[in-house]
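Letter by letter, the chains look like this.
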Amino acid sequence: MKENDINFNFDNSYLKLSDLFYTIQYPSKVTKPKLVMFNDSLAKEIGLNSEALKSYSGVEILAGNSIYEGSTPISQAYAGHQFGHFTMLGDGRAILLGEHIINDKRLDIQLKGAGRTPYSRGGDGKAALGPMLREYIISEAMYGLKIPTTRSLAVVETGESIIREKIEPGAVLTRIASSHIRVGTFQYAARFTSYKDLKALADYTLERHYKEGLEKENPYLYLLKEVIKKQASLVSKWIQVGFIHGVMNTDNVTISGETIDYGPCAFMDTYNPNTVFSSIDYQGRYAYANQRYIIAWNLARFAETLIPLLSDSEKEAINLAQKEISKFDEIYKGNYILGMRKKLGLFTNIEEDENLINDLLNLMNKYEADYTNTFRNLTLGKKDDIIMFETEEFKKWNNRWKERLSKENKSEEEIVKLMKSMNPSIIPRNHRVEEAIEAAVKNNDYTVINNLLNALSDPFDYIEDKEEYTKLPKPTNIPYRTFCGT
Ligand code: AMP
Ligand code: MG
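Just so we're clear, the structure is a prediction, and the values are computed from it rather than from any experiment.

Thresholds applied
- Residues numbered from 1 in each chain as written.
- Chains lettered and ligands numbered in written order.
- Predicted model: local features only at pLDDT ≥ 70, side-chain atom pairs only at ≥ 80, totals over all residues.
- Heavy atoms only, no water.
- Helix = DSSP H or I, 4+ residues; strand = E, 2+ residues; numbered from the N terminus.
- Rg over C-alpha atoms; globule rule 2.2 N^0.38 Å.
- Buried < 20%, exposed > 50% of the residue type's maximum accessible area, 1.4 Å probe, protein only.
- Areas by Shrake-Rupley, 256 points an atom, 1.4 Å probe, with all protein chains shown as cover.
- Lys, Arg positive; Asp, Glu negative; His and termini not counted.
- Charge placed at Lys NZ, Arg CZ, Asp CG, Glu CD.
- Donors = N, O, S within 2.8 Å, 3.2 Å for Na, K, Ca; no water.
- Polar contact = N/O pair within 3.5 Å; in protein donor to acceptor, adjacent residues only side chain to side chain.
- Pairing = 2+ DSSP bridges.
- UniProt positions renumbered as here; feature names shortened; annotations may be inferred.
- Contact = heavy atoms within 4.5 Å.
- Domains from an automatic or database assignment.
- Buried area = accessible area lost by both parts, 1.4 Å probe.
- Salt bridge = Lys/Arg side-chain N within 4 Å of Asp/Glu carboxyl O.
- Nonpolar A, V, L, I, M, F, W, Y, C, P; charged D, E, K, R; others polar.
- Phe/Tyr/Trp six-rings, centres within 6.5 Å; stacked < 30°, edge-to-face > 60°.
- Lys NZ or Arg CZ within 6 Å of the ring centre and 35° of its normal.

## A word on the overall build of the chain
For the chain, the count of helices and strands is 16 helices and 13 strands. Taken over the C-alpha trace, the chain has a radius of gyration of 23 Å; the compact-globule value for 486 residues is 23 Å, and the two agree within 12%. In terms of its C-alpha atoms, the chain occupies a principal-axis envelope of roughly 65 × 60 × 40 Å. Taking all 486 residues of the chain together, the buried fraction comes to 58%. When the accessible surface of the chain is summed, it comes to about 21,100 Å², and 49% of that surface belongs to carbon and sulfur atoms. Put simply, the chain has 61 plus and 66 minus side-chain charges, and the middle of one group is 1 Å from the middle of the other.

Here it is, written out as structure tokens:
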């Protein structure tokens with residue numbers, strides 16, 4: 001079918017890779033598609049016609065019931081280490097419609113929950129409405145927080161019932177990503193394809209994400225370096241806003257450096273480095289403070305896949321890979337300290353800043369302070385609702401901080417401006433996310449979710465109208481638990 005007025009401009013460059021990397025796969029048809037979420041500003045940004053997409057024929061495409069001209073739907077093959085164990089995976093419930101080209105940008109348009117594929121293993125290929133709304137909210141919140149992320153264009157209810165722990169309404173999410181190439185895609189190539197195919201994947205990835213690397217003496221070394229930099233920057237940003245991804249398996253690590261796969265992720269309220277929300281993360285492998293170590297481990301898996309490409313000599317290749325991986329900690333720390341300094345209004349770099357940052361975090365941990373609201377209060381010069389602020393230990397720390405700020409030679413206005421740009425006033429707090437999803441799924445009331453998304457669209461604006469979103473949940477003894485997005 002052709003719906004010119006939607007303005008999709010599909011290309012399918014991934015099909016040029018060996019067909020070991022994908023299977024042509026049409027989405028399953030659904031009985032009663034109903035559009036429940038639509039991202040007008042994203043549609044506009046990527047040159048799509050919202051009205052046409054929201055019309056009957058547009059929703060048919062977003063539901064997977066009809067295929068737009070120029071799209072060759074595929075599901076992608078990949079592998080991955082899940083909680084440390086290597087497994088063959090692949091898109092078990094996602095179908096890539098194609099790459100939408102807009103202003104020299106190439107964006108994957110993918111339907112998540114669009115039916116079984118050859119990679120579905122025991123799964124039904126479907127997605128439940130609640131988790132798709134959750135991905136929509138958190139991914140758009142990340143975008144608002146200026147953190148690289150895949151984005152959400154739409155959610156369509158399918159009219160089907162999905163069997164999970166209980167019966168749930170089914171849904172399809174339209175995900176937009178600069179690509180879906182993962183560390184796991186390289187692991188798949190290294191393990192299950194030929195040298196030629198691995199090289200083709202690496203060349204494709206360079207062309208798509210790190211084009212300048214093609215001119216370098218060793219393009220694959222360049223690729224490794226850039227991915228390390230991107231992920232170090234990404235994970236340091238997560239840490240700075242209290243985000244816990246929850247399932248940092250290698251198949252959930254993109255080569256582009258975008259956050260992907262919003263399953264059991266959540267934002268931490270009370271600061272505690274050991275925070276884990278995921279119901280299946282028994283050992284805290286993906287706990288808040290472990291994320292920097294886990295990403296380094298995942299990047300080491302990526303480096304391993306590149307060994308055949310890095311040099312003709314395996315020994316030399318291993319040396320090169322190890323050298324780059326060993327730089328990760330320093331790169332990560334550079335990003336992290338820079339960000340944390342800015343959170344405290346510090347423009348310049350003094351060695352003792354690291355202690356200042358760590359001492360504050362230790363106090364927050366000790367007094368169970370809310371992570372976001374601590375920085376929000378420091379930004380606004382307030383002392384609301386946080387016991388830590390009344391302690392002598394904090395007062396001492398505060399004096400040190402004020403003294404440090406006085407060395408900056410910046411006006412208070414400049415300092416507050418910097419802090420406001422780094423410390424979000426609001427985050428998608430768990431109780432708010434749950435409330436929004438519940439209203440939508442149980443009562444078909446989408447006002448709560450849309451209000452929340454509106455608040456999250458600019459979390460740095462410190463508008464008084466949004467104060468309600470800074471409030472904490474009622475105290476409870478039941479720990480917050482999240483589940484993989486199935
Ligand atoms: P995730 O935990 O979302 O990264 O998914 C891990 C793997 O399980 C991927 O290969 C998914 O495509 C697959 N998967 C997750 N849910 C389903 C499902 N309902 N049906 C088929 N495959 C699934
Ligand atoms: Mg995944």
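Still more to cover.
## Quick notes on the coordination of the magnesium ion (ligand 2)
All of the protein donors around the magnesium ion (ligand 2) are Asn252 (OD1) and Asp261 (OD); their distances to the metal are 2.0 to 2.2 Å. Asp261 matches Asn252 in its accessibility class, with the two residues each being buried.

## Re the side chain of His100
Positionally, His100 belongs in strand 7 (residues 94-102). Within the local environment of His100, its side chain forms a polar contact with the backbone nitrogen of Asn9, the two atoms lying 3.0 Å apart. A polar side-chain atom of His100 sits 2.7 Å from the main-chain carbonyl oxygen of Ile46.

## A look at the pairing of strand 10 (residues 151-163)
Relative to strand 10, strand 3 (residues 34-38) runs antiparallel, the two being bridged by four bridges. When the bridges of strand 10 are listed, Met37 appears paired with Val155. Pairing of strand 10 with strand 11 (residues 167-177), which is carried by nine bridges, proceeds in the antiparallel orientation. Directly across from Ala154, in strand 11, lies its bridge partner Thr174.

## Things to note about the UniProt feature "binding site: Mg(2+)" (unreviewed entry) in the chain
UniProt feature "binding site: Mg(2+)" (unreviewed entry): in the numbering of this structure it lies at Asn252 and Asp261. Setting aside anything within four residues of it in sequence, one finds Asn252 in contact with Arg182, His245, Val247, Ile260 and Asp261. When neighbours within four sequence positions are excluded, Asp261 is seen to be in contact with Lys112, Arg175, Arg182, His245 and Asn252. A polar contact of 3.2 Å, which involves the side chain of Asp261, links it to the side chain of Lys112.

## Points about the domain arrangement of the chain
Here the chain is partitioned into domain 1 (3-177), domain 2 (183-336) and domain 3 (346-422). Using C-alpha coordinates to define each centre, domain 2 is positioned 31 Å away from domain 3. The interface of domain 2 with domain 3 comprises 13 residues on the first partner and ten residues on the second. Each partner contributes to the roughly 900 Å² buried at the junction of domain 2 and domain 3, and carbon and sulfur atoms together form 51% of this total. For the domain 2 face of the interface with domain 3, the top three residues by lost area are Gln240, Tyr271 and Tyr336, together amounting to 52%. Taken together, the connections running from domain 2 to domain 3 amount to one salt bridge. A salt bridge links Lys333 to Glu354; its shortest N-O distance comes to 3.1 Å. When contributions to the side of domain 2 that touches domain 3 are tallied by element, the ones reaching two or more residues are helix 7 (219-241) and helix 10 (328-343). Sort the elements by how many residues they give to the side of domain 2 that touches domain 3 and helix 7 lands first, with three residues. Looking at the side of domain 2 that touches domain 3, its residues break down into seven nonpolar, four polar and two charged.

## Describing the environment of Ser179
Looking at the secondary structure, you find Ser179 in the loop between strand 11 and helix 5 (183-192). Judged by relative accessible area, Ser179 falls into the buried class, the value being 1%. Ser179 has contacts with Asp108, Arg208 and His209, leaving out every residue within four places of it along the chain. From its side chain, Ser179 meets the backbone nitrogen of Ile181 in a polar contact 3.1 Å long.

## Digging into the packing of aromatic side chains
Scanning all chains against the criterion turns up 21 aromatic pairs. Between Phe186 and Phe302, the aromatic rings sit 5.1 Å apart at their centres with planes inclined by 90°, giving edge-to-face as the arrangement. You can see Phe186 sitting in helix 5 and its partner Phe302 sitting in helix 8 (residues 291-310), a full 116 residues away along the chain. Of the two residues, Phe186 and Phe302, neither departs from the other in class, the shared state being buried. Geometry around Phe375 places Lys343 over its ring, the cationic atom sitting 4.5 Å from the centre.

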